[in-house]
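An overview of the molecular structure
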Amino acid sequence: MNSNRTFTMLKPDSIEQGYMLSILNIIKEAGFKIIALKYKKMTKEEAEQFYSVHSDKPFFKDLIQFMTRGPIVAAALEKSNAVVDFRKLIGSTDPKEAKEGTIRKRYAKSIGENAVHGSDSDENASMEISFHFSDSEIFS
Ligand code: CMP
């Protein structure tokens, strides 16, 4: 398990509104090294697998529709204390509760369309990075 890595996705709402480079710049300025990067549209099957932990939630169908309606940017990030520091940088899942200066406070519209994803544990970071990237696509 590597506590220096986390995984993020810039979600379709951020891309649609032209925030891709601004958000990547905030991530870089906060001291995260981008060690893998991909611009892609997830298939329904990929999104269902990625979010399988939420499959019994009432918002699951909307989540899958949202996450597959346009391209996302997937990235693996490296920094000491990456998971915790990145979650501080993005702010609460619900942008109404996100602190001033966080990415979600600035760019997210709602709890469903909340601009960015950040892994919630080292274990999930490792699984999510492997989900989107093979070893040969990671440049540490
Ligand atoms: P994230 O934490 O990146 O991954 C799970 C996603 O499910 C979350 O972001 C939100 O986009 C979505 N989500 C979580 N809670 C709700 C909710 N109550 N209503 C709608 N979407 C939600």
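These figures come from a predicted structure and were not determined experimentally.

1. Concerning the site of the ligand
- Every residue lining the ligand is accounted for by Lys 11, Tyr 51, His 54, Phe 59, Leu 63, Arg 104, Ile 111, Gly 112, Asn 114 and His 117.
- Take Lys 11: an N or O atom from its side chain is 2.9 Å from an oxygen atom of the ligand.
- Taking Asn 114, its side chain carries an N or O atom lying 3.3 Å from an oxygen atom of the ligand.
- Within the complex, the protein chains bury 76% of what would otherwise be the 450 Å² of accessible surface of the ligand.
- Residue composition of the shell around the ligand, grouped by class: four nonpolar, four polar and two charged.

2. Some details on the environment of Glu 113
- As for its placement among the helices and strands, Glu 113 is situated in the loop between helix 6 (103–107) and strand 4 (116–118).
- Sequence-wise, Glu 113 and Leu 63 are 50 residues apart; in three dimensions their C-alpha atoms are separated by 8.4 Å.
- Residue contacts for Glu 113: discarding those within four places in its chain leaves Asp 13, Phe 66, Arg 69 and Ala 108.
- At 2.8 Å, the side chain of Glu 113 and the side chain of Arg 69 are in polar contact.

3. A few points about the pairing of strand 3 (residues 72–78)
- Counting buried residues in strand 3 gives seven out of seven residues, a clear majority hidden from the surface.
- Every second residue of strand 3 is oriented toward a common face, with Ile 72, Ala 74, Ala 76 and Glu 78 on one face and Val 73, Ala 75 and Leu 77 on the other, all of them buried.
- Where strand 1 (residues 5–10) meets strand 3, six bridges bridge the pair, whose relative direction is antiparallel. Among the inter-strand pairings, Thr 8 is bridged to a residue of strand 3, identified as Ala 75.
- With seven bridges connecting them, strand 2 (residues 33–40) and strand 3 associate as antiparallel partners. Counted as the bridge partner of Lys 40 is Ile 72 from strand 3.

Definitions and cut-offs
Residues numbered from 1 in each chain as written. Predicted model: local features only at pLDDT ≥ 70, side-chain atom pairs only at ≥ 80, totals over all residues. Heavy atoms only, no water. Near = heavy atom within 4 Å. Polar contact = N/O pair within 3.5 Å; in protein donor to acceptor, adjacent residues only side chain to side chain. Areas by Shrake-Rupley, 256 points an atom, 1.4 Å probe, with all protein chains shown as cover. Nonpolar A, V, L, I, M, F, W, Y, C, P; charged D, E, K, R; others polar. Helix = DSSP H or I, 4+ residues; strand = E, 2+ residues; numbered from the N terminus. Contact = heavy atoms within 4.5 Å. Buried < 20%, exposed > 50% of the residue type's maximum accessible area, 1.4 Å probe, protein only. Pairing = 2+ DSSP bridges.

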